[in-house]
Amino acid sequence: MLSSDLLKEAERVMTICNACRYCEGYCAVYPAMELRRTFADKDLKYLANLCHNCRACYYACQYAPPHEFDVNVARVFADLRLECYREFARPALLAGMFRRNGLAVGILTAAALVTVFLLLGIFQDSPVIFAAHSGANAFYRVIPYPLFILPFSVLVVCLSAVLLWSNISFWRKTGGKLGELLDPRANLQAIGDALRLKYLDGGGHGCNYPDERFSMLRRYFHHLVFYGFILCLASTTVAAAYHHFLQWPAPYPYLSWPVLLGTAGGLALLAGTAGLLILKKKMDPLPGAPRARGMDVGFLVLLFFTSFSGLLLLALRATPAMGILLAVHLAVVAALFVAMPYGKFVHALYRFVALVRNARERSRQ
Amino acid sequence: MNARQPIETEVLVIGGGNAALCAAMTAREAGARVLLLECAPRDFRGGNSRHTRNLRYLHRSGNAYLTGPYLEDEFFSDLMRVTEGRTNEQLALLTIRESAEIGEWMQSRGCRFQPPLSGTLHLARTNAHFLGGGKALMNAYYATAEKLGVDIRYEAEVRDLEIHDGTFVSAAVSSGGFTGKVKAKAVVAASGGFQANIEWLKEYWGEIADNFIVRGTPYDTGRMLRVLLDNGARAVGDPRQCHAVAIDARAPKFDGGIVTRLDCVPFGIVVNNQARRFYDEGEDFWPKRYAIWGRLVAGQPEQTATAIVDAKSIRLFMPSVFPAIEAVTIPDLAVKLKLDPDALRETVTAFNRATRTGDFDPSKLDGCHTVHLDPPKSHWARPLDTPPYYAYPLRPGITFTYLGVTVNEHAQLMLQDGRPSANIFAAGEIMAGNILGRGYMAGFGLTIGTVFGRIAGREAARHALQ
Ligand SMILES: Cc1cc2nc3c(=O)[nH]c(=O)nc-3n(C[C@H](O)[C@H](O)[C@H](O)COP(=O)(O)OP(=O)(O)OC[C@H]3O[C@@H](n4cnc5c(N)ncnc54)[C@H](O)[C@@H]3O)c2cc1C
Ligand code: SF4
Ligand code: SF4
């Protein structure tokens, strides 16, 4: 569907829902819809990003297809979100990444692997790569520290800039002033909603995922992924602090904060992404966006491999396999970072911004 | 299901809406083997029940979903008021008393309640609303019934019943092109009213029934009702009566459900195709009056009418599913509506002249009424003078019919000779006329279906297991 047709369809469906309102107990979308009588494009983009695709409203809808009203809010919003990801990708040149996102992410990962191994081949002698290393700086004997820290610093800075840029574009295009995005009360509320995945509980009983039955599974797996990701970030941050402020370079002992946090985060990520992938395989395709499948799977698989390669590296770091595993892990992490603004990860940003707007709207009530 | 072998079961439930599922779950929980036949396909299962949003039940105190108590005396007097006494008092009291337990009973079978919807705050104390509406309720019941082991068949229409001297023997069922036979020890008829059967409606309403829109399922054709009446069941309820409201004329012929309703009438005027007003639009609060407007519109030429409001009022009522027809002047609006522009201008001018400035207040019966106007508008009468003007075309939308079969307090079918049938039970819309002889009370259709569904399920199982 063209973007304009999609917006028209979303408007048509929201008009039906606004005359019905049976679903208003499920999530934030319906109460937000009720504040409006007409739906401009910016409203629809906002509402679409407020939707978690919990699918409760699809199975509950007496007008769902094959009814002639053909109401499928869950699907039209999923499609519209994908449109938003494309529209607000920055720099806009890279919006094409969303077209066949699964493939794009795959190619990106392969490219990262090839680059890392090429660099390794050029700059390092093979006896060093395939030797067992131990003690402080073991990693950096294989990959020299500057080669390690420089690219990643550049990546992180670019990544943050690009994500912020997309985010601000989205906020402004959906009708907000920049200052309002910083509203502290609304941000606190949104952070609370996001940390709890409040609306994935579908009004208290979970979402209708992967099928018509109510289930908390997706919420739990998503929590594992989210908090696993945060733990891994925390592990990296602590490690960086040890390195720079305590002059204590990696690798760290098993009972150190970086390893404990990283292991817990890695295991949570493994379990969460695997769980979500299994659910996705079983899911009813009708209330989702078929075009988003590649993107969803691509992101989950990449996250899975990030934690898998990290854990493997931890387990085998004292063996001769360490050099290769380190290279693979770094390549996958690099691919993950590069892919972040052009893949499923961005859902978190736009959803958060939508929650901020929602908190502001509700407090004005 | 095929023609060769008859299926045998203990309790056969005919229908797939609220009453049928309540009966099926109860009979199964009592230990009987239960077969439920729903003529609609799975996607459209649940009859009119899938269009509902709340039910009314007796409760001693408020809870998370209900704002306060609703006790027997008030419940009963509400019922007496809406039916004007046309009720079987014994069955009415039974329904009210037995409804005291059903909130919890429903929840333990998968129903989820929520606080009242924004469009129905006036029901916040008396009626509990389903999270997600009636289809969500039906989904929960079907899931529970399946788990309990009720045998559920879709696209299985019961065509005929073999009844000997008031006792059920077997049912003829057509399913997937085959006709088969089902034998059962007891049967529960829970197949709804006949409101979707336009030909039958014509017997009482004449050709104008062609212009009626059926708000709910197309599958409630009343076939079982007719079969039972033809086999000696005693009728109840006025066959000429039906519950009909004025809905948007652009609604689909069937199954448009709740969204096609319009709440704008009290805030403007309603004219017929001669551009004349014909009834007091502001007689009382809309929830108390909407149910007479179906009949009023049905009484107009071509069974159409148009509601008109101006820009002052457009935000005062729930948004409509179809866009308003809009114009900057009344004659322009008339042209768009294919009404005579002069006649409409005359009607509006006369109406405007009859209004008086007053304390307009949509939340109460205010003092804004017309003077020297026929018909008058008793409340919320403000001149139509602020463009743009908005119009909504109206048609009668039929919700349900009153004709049904008589039952006793065991939900047993009563025969014309005064005996109860030994093994035929009825629940839901098909017998609601025993209690709701006329009028309607929001959320009471499901109450009757739930209470009598449970009684019918219990009694049918008892009979079958004897
Ligand atoms: C738009 C709308 C909103 C409503 N809102 C409410 C509300 O909020 N609260 C409330 O209490 N009431 C409401 N009502 C009224 C309510 O829908 C009915 O009172 C109630 O659903 C009747 O339940 P039932 O099980 O008797 O019939 P139904 O739910 O209509 O079920 C009848 C079933 O029988 C099946 N059937 C029919 N004939 C056969 C056959 N020959 N063989 C096999 N199966 C057959 C049908 O397919 C259907 O599944 C509403 C009605 C409408 C139209
Ligand atoms: S999804 Fe369907 S049931 Fe829910 S509010 Fe919209 S129209 Fe009503
Ligand atoms: S899919 Fe879930 S989150 Fe999205 S609109 Fe429907 S109920 Fe709300």
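Residues numbered from 1 in each chain as written. Chains lettered and ligands numbered in written order. Predicted model: local features only at pLDDT ≥ 70, side-chain atom pairs only at ≥ 80, totals over all residues. Heavy atoms only, no water.

Draft legend 1. Focus on the overall build of chain A. In terms of helices and strands, chain A carries 15 helices and zero strands. Taking 365 residues into account, the globule formula puts the C-alpha radius of gyration at 21 Å, and chain A, at 22 Å, falls close to it. In terms of overall dimensions, chain A has a C-alpha envelope of 70 × 45 × 35 Å along the principal axes. In chain A, which comprises 365 residues, the proportion classed as buried is 54%. The contacts of chain A with a sequence gap of at least 6 include a subset with a gap of at least 24, amounting to 74%. Element-wise, carbon and sulfur atoms account for 70% of the exposed surface of chain A, whose accessible area totals about 16200 Å². Charge-centre separation for chain A: the mean point of 36 positive side chains lies 6 Å from the mean point of 22 negative side chains. (Helix = DSSP H or I, 4+ residues; strand = E, 2+ residues; numbered from the N terminus. Rg over C-alpha atoms; globule rule 2.2 N^0.38 Å. Buried < 20%, exposed > 50% of the residue type's maximum accessible area, 1.4 Å probe, protein only. Contact = heavy atoms within 4.5 Å. Areas by Shrake-Rupley, 256 points an atom, 1.4 Å probe, with all protein chains shown as cover. Lys, Arg positive; Asp, Glu negative; His and termini not counted. Charge placed at Lys NZ, Arg CZ, Asp CG, Glu CD.)

Draft legend 2. Highlighting the overall build of chain B. Along the backbone of chain B there are 11 helices and 19 strands. For a compact globule of 466 residues, the expected C-alpha radius of gyration is about 23 Å, and chain B comes in at 23 Å, within 12% of that figure. Taking the principal axes of its C-alpha atoms as reference, chain B extends roughly 75 × 50 × 40 Å. Here chain B holds 466 residues, and 60% of them are scored as buried. Of all intrachain contacts in chain B linking residues separated by at least 6 positions in sequence, the fraction that spans at least 24 positions is 72%. For chain B, the accessible surface area stands at approximately 17600 Å², while carbon and sulfur atoms represent 49% of it. One way to put it: in chain B the 52 positive side-chain charges average out to a point 3 Å from where the 51 negative ones average out.

Draft legend 3. Fine view of the sheet that holds strand β5 (residues 127–130) of chain B. All names here are of chain B. Reading across the sheet, the three strands line up as β3-β5-β4 and stay open at both edges, with antiparallel pairing between neighbours. Single-partner strands in this sheet number two, and they are β3 (54–56) and β4 (113–114). One ladder, built from three bridges, connects β3 with β5; its direction is antiparallel. Following the sheet pairing, Arg56 is matched in β5 by Asn127. (Pairing = 2+ DSSP bridges.)

Draft legend 4. Seen up close, the nonpolar core. Counting residues in each nonpolar core, the largest one holds 128 residues, and the members touching the most others are Met14, Tyr30, Val71, Val73 and Phe77 of chain A together with Val259 of chain B. Setting aside anything within four residues of it in sequence, one finds Tyr30 of chain A in contact with Cys17, Cys23, Glu24, Cys57 and Val73 of chain A. (Core = buried A, V, L, I, M, F, W, Y, C linked by side-chain atoms within 4.5 Å.)

Draft legend 5. Quick peek at the site of ligand 1. Residues and elements named next belong to chain B. Inspection of the region around ligand 1 gives 36 residues, with Glu38, Ser49, Asn54, Asp220 and Glu429 positioned closest. Between ligand 1 and the protein, one listed contact pairs an oxygen atom with a backbone N or O atom of Gly16 at 3.2 Å. Ala19 is positioned with one of its backbone polar atoms (N or O) 3.0 Å from an oxygen atom of ligand 1. Relative to its free-state accessible area of 1000 Å², ligand 1 is covered by the protein chains to the extent of 97%. (Near = heavy atom within 4 Å. Polar contact = N/O pair within 3.5 Å; in protein donor to acceptor, adjacent residues only side chain to side chain.)

Draft legend 6. Structural detail: the pattern of salt bridges. Across all of its chains, the model carries 41 salt bridges over all chains by this definition. Asp296 of chain A is the partner of Lys344 of chain A in a salt bridge, and the nearest nitrogen-oxygen pair spans 3.5 Å. Remark: Asp296 of chain A occurs in helix α13 (residues 293–315) and Lys344 of chain A occurs in the loop between α14 (322–339) and α15 (346–364); sequence separation between them is 48 residues. For Lys344 of chain A, a relative accessible area of 23% corresponds to the partly exposed category. On the accessibility criterion, Asp296 of chain A (11% relative accessible area) is buried. It is possible to trace a salt-bridge network through shared partners that takes in Glu199, Lys202, Glu207 and Asp210 of chain B. (Salt bridge = Lys/Arg side-chain N within 4 Å of Asp/Glu carboxyl O.)

Draft legend 7. Representation of the site of ligand 3 within the structure. All residues adjacent to ligand 3 are Tyr26, Cys27, Val29, Tyr30, Cys51, His52, Asn53, Cys54, Arg55, Cys57, Val73 and Ala74 of chain A. Looking at the shell around ligand 3, the elements with two or more residues in it are α2 (29–34) and α5 (73–87) of chain A.

Draft legend 8. Layout of the interface of chain B and chain A. Facing 37 residues of chain B, the contacting portion of chain A comprises 28 residues. A buried area of about 2600 Å², summed over both sides, lies between chain B and chain A, and 54% of it is on carbon and sulfur atoms. Sorting the residues of chain B by area buried against chain A places Arg112, Leu131 and Pro319 of chain B first, and these three jointly supply 21% of that buried surface. At the junction of chain B and chain A, the tally comes to two salt bridges. For Arg45 of chain B, the salt bridge identified is with Glu212 of chain A, shortest N-O distance 3.4 Å. (Buried area = accessible area lost by both parts, 1.4 Å probe.)

Draft legend 9. View of the confidence of the model for chain B. Scored by pLDDT, chain B comes out at a mean of 96, with 99% of its residues at no less than 70. Note on the complex model: pTM 0.95, ipTM 0.96. (pLDDT = per-residue confidence, 0-100.)

Draft legend 10. Broad picture of the pairing of strand β12 (residues 242–248) of chain B. Residues and elements named next belong to chain B. Within β12, seven of the seven residues are buried, which leaves it mostly tucked inside the rest of the structure. Pairing between β12 and strand β16 (residues 389–401): seven bridges, direction antiparallel. What sits directly across from Cys242, in β16, is Thr401.

Draft legend 11. Expanded view of the packing of aromatic side chains. All names here are of chain A. Counted under the stated rule, the structure contains 39 aromatic pairs over all chains. Pairing Trp248 with Tyr252 gives two aromatic rings, centres 5.0 Å apart and planes at 85°, and the pair type is edge-to-face. For Tyr252, a relative accessible area of 5% corresponds to the buried category. Members of the aromatic cluster, connected to one another through ring pairs, are Tyr85, Phe88, Phe98, Phe170 and Tyr350. For Arg218, the ring lying beneath its charged end belongs to Tyr209, and the centroid distance is 4.0 Å. The side chain of Arg357 reaches across the aromatic face of Tyr46, ending 5.6 Å from its centre. (Phe/Tyr/Trp six-rings, centres within 6.5 Å; stacked < 30°, edge-to-face > 60°. Lys NZ or Arg CZ within 6 Å of the ring centre and 35° of its normal.)

Draft legend 12. Spotlight on the domain arrangement of chain A. Residue and element names in this part refer to chain A. Domain boundaries assigned for chain A yield domain 1 (4–87) and domain 2 (92–364). For domain 1 versus domain 2, the separation of C-alpha centres amounts to 29 Å. Taken together, the contacts link 32 residues of domain 1 with 39 residues of domain 2. Roughly 3300 Å² is buried in total at the junction of domain 1 and domain 2, and carbon and sulfur atoms are behind 57% of that figure. Counting the surface domain 1 buries against domain 2, the share from its top three residues, His52, Tyr85 and Arg86, is 24%. Here domain 1 and domain 2 share three salt bridges between them. Among the salt bridges present, the one from Arg36 reaches Glu361, with a minimum N-O distance of 2.4 Å. (Domains from an automatic or database assignment.)

Draft legend 13. Broad picture of a nonpolar patch on the surface. Residues and elements named next belong to chain A. There is a patch of nonpolar side chains on the surface, built from Val114, Leu118, Leu119, Ile122, Phe123 and Leu147 and spanning about 580 Å² of accessible area. For the nonpolar patch, the element with the highest residue contribution is helix α6 (residues 101–123), accounting for five residues. Note that Leu118 resides in helix α6. (Patch = residues over 30% accessible without salt bridge, like charges linked within 9 Å, V, L, I, M, F, W, Y side chains within 5 Å.)

Draft legend 14. Molecular detail of helix α7 (residues 223–230) of chain B. The set of residues buried in α7 of chain B consists of Met224, Leu225, Val227, Leu228 and Leu229 of chain B. Positioned one or two residues after α7 of chain B, Gly232 of chain B has a phi angle of 95°, which is positive.

Draft legend 15. Inspection of the confidence of the model for chain A at higher detail. For chain A, per-residue confidence averages 92 on the pLDDT scale, and 99% of positions sit at 70 or higher. Within chain A, no element has a lower average pLDDT than helix α7 (residues 126–129) of chain A, which sits at 86, and none a higher one than helix α12 (residues 257–282) of chain A, at 97.

Draft legend 16. Spotlight on the state of the cysteines. Residues and elements named next belong to chain B. Under the criterion given, the structure shown has zero disulfides over all chains. Cys111 forms no disulfide, and the closest cysteine sulfur to it belongs to Cys22, at a distance of 9.8 Å. Residue class for Cys111 comes out buried when judged on its relative accessible area of 5%. Distance from the sulfur of Cys264, which forms no disulfide, to the nearest cysteine sulfur (Cys368) is 18 Å. For Cys264, a relative accessible area of 1% corresponds to the buried category. (Disulfide = S-S within 2.5 Å.)

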